[in-house]
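# Commentary on secondary and tertiary structure
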Amino acid sequence: MNILVINCGSSSLKYQLIDSDTEAVLAKGLCERIGIDGSVLTHAPAGKDKVKIETSMPNHTVAVKLVIDALTDTNHGVVQSLDEINAVGHRVVHGGEKFASSVIIDDEVLAAIKECNDLAPLHNPANLIGINSCKEIMPNVPMVAVFDTAFHQTMPEKAYLYGLPYAYYEKYKVRRYGFHGTSHDYVSARTAEILGKTREELKIIVCHLGNGGSVSAVDHGKCVDTSMGLTPLEGIIMGTRSGSIDPAICDFICQKENITPAEMNTILNKKSGVLGISNVSSDFRDIEAAAANNNKLAKAALEAFYYSVAKYIGAYTAAMNGVDAIAFTAGVGENNISGRAEIAKYLGYLGTEIDAEKNNVRGEDRVISTEASKVALLCVPTNEELAIARQTTALISVAS
Ligand code: AMP
């Protein structure tokens, strides 16, 4: 079966066409600047040259049509016709408390996703536009929604309740939801597989360290806690996001700088994190290069970042009363060799020992701890698109 995986943003649309039998990526690409001048589709078919198509994309429906045209094109296409696309899997950021797993999209599901718009105003409306555009172009193709929040729905109340008036939870559903769930699910399952165990036998901590980052505690296959919260702003220090801070800082800075809460929110999301501390970049490669050149603030940013990850590992070890494996994933987790080593320095009390030679790896599944290490450390590349394709295949196979 061929599954089209769609990740739709407000002005962008990423896609992959995956053969679910072989799990091969047949093509992938990106539509950028949808609804803005200068729209462009970059289409990369497997085994053929990448093509760039610069053409007007006034809306997402036009973008989806162009993606289908690219996938079925006689030169750079990978399938003969639309009939060879058996289902579409959509990434949806927020499923609220309604969705603890992926679902086949129908009118009721669409309405429920819309109800979560308030909780993810930048993401869910765009995800819905992507779904509706695909429905318009492919009315007879089954569609599945895969939620970033779903894997974390197993968290117990004590982990998801904030120390706030309970009425805010009742009235507005203010609670911890967590994000990157598809990645935490995939990576924790893969970690168990690499260790030759089932996930149900293990206590696993997944460190998803990318531009956005989150840590989760997966206890015998179930997520019991995660660092992101009501929004993806909470938790570890990130590329441009502050992570957890004293909430009183917001009012303090608003008064000192004479800015509004909305402006403060933008600073916390876009101008903070390692970018804010270092004043160099949000990209860890740039910060590492600056730190190597003795830039003090770049060093401080990296140290604060590693420390924040190590603290969550400690907290989640306590939450699970132990840990068997710690997996590093996403851009920084998969590629930053020295970063993993720096975080591992904080974990000696657990009896962990990183193996410098094994840790010398980027983007590959591998145990990076010594034989003697009491806790296994691993590098596990995430693959959210494959996870979405697998869940889509599983759901439509059951339905048909
Ligand atoms: P992601 O959001 O998962 O795409 O991750 C993006 C982050 O991964 C950026 O901050 C990159 O600097 C970082 N990254 C990617 N490759 C490397 C690398 N080879 N070494 C260090 N960081 C990397």
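Residue positions are counted from 1 within each chain, in the order its sequence is given. Only residues with pLDDT of at least 70 are given local features in this predicted model, and only at 80 or more are side-chain atom pairs given and counted; all residues enter the totals for whole chains, interfaces and linings. As a rule here, side-chain values come from all non-hydrogen atoms in the structure, and water together with hydrogens is ignored.

### Some thoughts on the overall build of the protein
Each helix and strand counted, the protein has 14 helices and 14 strands in total. Its C-alpha atoms give the protein principal-axis dimensions of about 55 × 55 × 45 Å. Looking at the protein residue by residue over its 400 residues, the buried ones come to 50%. Within the protein, contacts between residues at least 6 apart in sequence are counted, and of these 60% link residues at least 24 apart. In this description, accessible areas are obtained by the Shrake-Rupley approach with a 1.4 Å probe, and a residue is regarded as covered only by the protein chains that are shown. Counting every atom, the protein has about 18500 Å² of accessible surface; 50% of that belongs to carbon and sulfur. Each charge class in the protein was averaged separately, 36 positive and 47 negative side chains, and the resulting centres sit 5 Å apart. The numbering of helices and of strands both runs from the N terminus, where a helix is a DSSP run of H or I of at least 4 residues and a strand a run of E of at least 2. Relative accessible area decides the class of each residue, using a 1.4 Å probe on protein chains only: under 20% of the type maximum gives buried, over 50% gives exposed, and in between gives partly exposed. Contact between two residues is taken to exist if any of their heavy atoms lie within 4.5 Å; hydrogens are not considered. Charge counting follows a simple rule: Lys and Arg are positive, Asp and Glu are negative, and His as well as the terminal groups are ignored. Lys charges are placed at NZ, Arg charges at CZ, Asp charges at CG and Glu charges at CD.

### A closer look at the environment of Ser-281
Its place among the elements puts Ser-281 in the loop between helix H9 (273-278) and helix H10 (284-292). The exposure class of Ser-281 is buried, given its relative accessible area of 11%. In this structure the C-alpha to C-alpha distance between Ser-281 and Phe-305, which are 24 residues apart in sequence, comes to 14 Å. Excluding residues that lie within four positions of it along the chain, Ser-281 makes contacts with Val-274, Leu-275, Asp-286 and Ile-287. Separated by 2.8 Å, the side chain of Ser-281 and the backbone nitrogen of Asp-283 make a polar contact. Between N or O atoms, a polar contact is any pair within 3.5 Å; within protein, one atom must be a potential hydrogen donor and the other a potential acceptor, and residues adjacent in sequence are included only when both atoms are from side chains. Here Asp-286 takes part through its side chain, which lies 2.8 Å from a polar atom of the side chain of Ser-281.

### Quick word on the packing of helix H11 (residues 296-320) against helix H13 (residues 337-344)
For every element, the axis is a line fit to its C-alpha atoms; helices are fit only across the contacting stretch, and the angle between N-to-C directions ranges from 0 to 180 degrees. Relative to each other, H11 and H13 sit at 50°, their axes nearing to 9 Å. Considered as vectors, H11 and H13 are oriented oblique to each other. By crossing handedness, the relation of H11 to H13 is classed as right-handed. Contacts between H11 and H13 involve Tyr-306, Val-309 and Ile-313 from the former and Gly-339, Glu-342 and Ile-343 from the latter. Roughly parallel refers to an angle under 35 degrees, roughly antiparallel to one over 145, roughly perpendicular to one between 65 and 115, and oblique to any angle outside these ranges. Helix crossings are classified by the rotation of the near helix relative to the far one: an anticlockwise turn of less than a right angle makes the crossing left-handed, while a clockwise turn makes it right-handed.

### Quick word on the pairing of strand E5 (residues 51-54)
One bridge is not enough; two strands pair if DSSP finds at least two bridges between them. Of the pairings in the sheet, the one linking strand E4 (residues 40-45) to E5 comprises four bridges and is antiparallel in character. Bridge pairing links Thr-42 to Lys-52 in E5.

### Focus: the nonpolar core
To define a nonpolar core, start from buried Ala, Val, Leu, Ile, Met, Phe, Trp, Tyr and Cys residues and group those joined through side-chain atoms within 4.5 Å. If you look at the biggest cluster of nonpolar residues, it comprises 41 residues, and the most contacted ones within it are Ile-205, Cys-207, Leu-209, Phe-305 and Ile-326. Elements supplying a minimum of two residues to this core: strand E9 (203-209), strand E10 (213-219), H10, H11, strand E12 (325-329), H13 and strand E14 (376-379). In terms of residue count, H11 provides more of this core than any other element does, ten residues in total. Excluding anything up to four places from it in sequence, Ile-205 contacts Val-215, Ser-216, Ile-313, Tyr-316, Thr-317, Met-320, Val-323, Ala-325, Ile-326 and Ala-327.

### Digging into the site of the ligand
Taken together, Gly-210, Asn-211, Ser-282, Asp-283, Phe-284, Arg-285, Ala-330, Gly-331, Val-332, Asn-335, Asn-336 and Arg-362 are the residues near the ligand. Asp-283 has a polar side-chain atom sitting 2.4 Å from an oxygen atom of the ligand. Contact between the ligand and Val-332: an oxygen atom at 3.4 Å from a main-chain N or O atom of the residue. For the ligand, whose free accessible area comes to 500 Å², the fraction covered by protein is 72%. For the shell around the ligand, the secondary-structure elements that each account for two or more residues are H10 and helix H12 (330-335). Per element, the largest residue contribution to the shell around the ligand is four residues, and it comes from H12. We call a residue near a molecule or strand as soon as one heavy atom of that residue lies within 4 Å of the molecule or strand.

### Looking at the sheet that holds E14
If you walk across this open sheet you meet the six strands as E11-E10-E9-E12-E14-E13, and the pairing is mixed. A strand with exactly one partner marks an edge of an open sheet, and here the two such strands are strand E11 (222-226) and strand E13 (366-367). Contacting E9, E10, E11 and E12, H11 runs over the sheet at an angle of about 160° to E9.

### What about the sheet that holds E4?
Taken in spatial order, the eight strands make up an open sheet running E5-E4-E3-E2-E1-E6-E8-E7, and their pairing is mixed. The sheet is open, and its two borders are formed by E5 and strand E7 (103-104), each paired with just one other strand. One ladder, built from two bridges, connects E7 with strand E8 (residues 143-147); its direction is antiparallel. Within E8, the position partnered with Ile-104 by the bridge is Val-144. Where helix H3 (residues 124-137) meets the sheet, it contacts strand E1 (2-8), strand E6 (87-92) and E8, and its direction lies at approximately 170° from that of E6.

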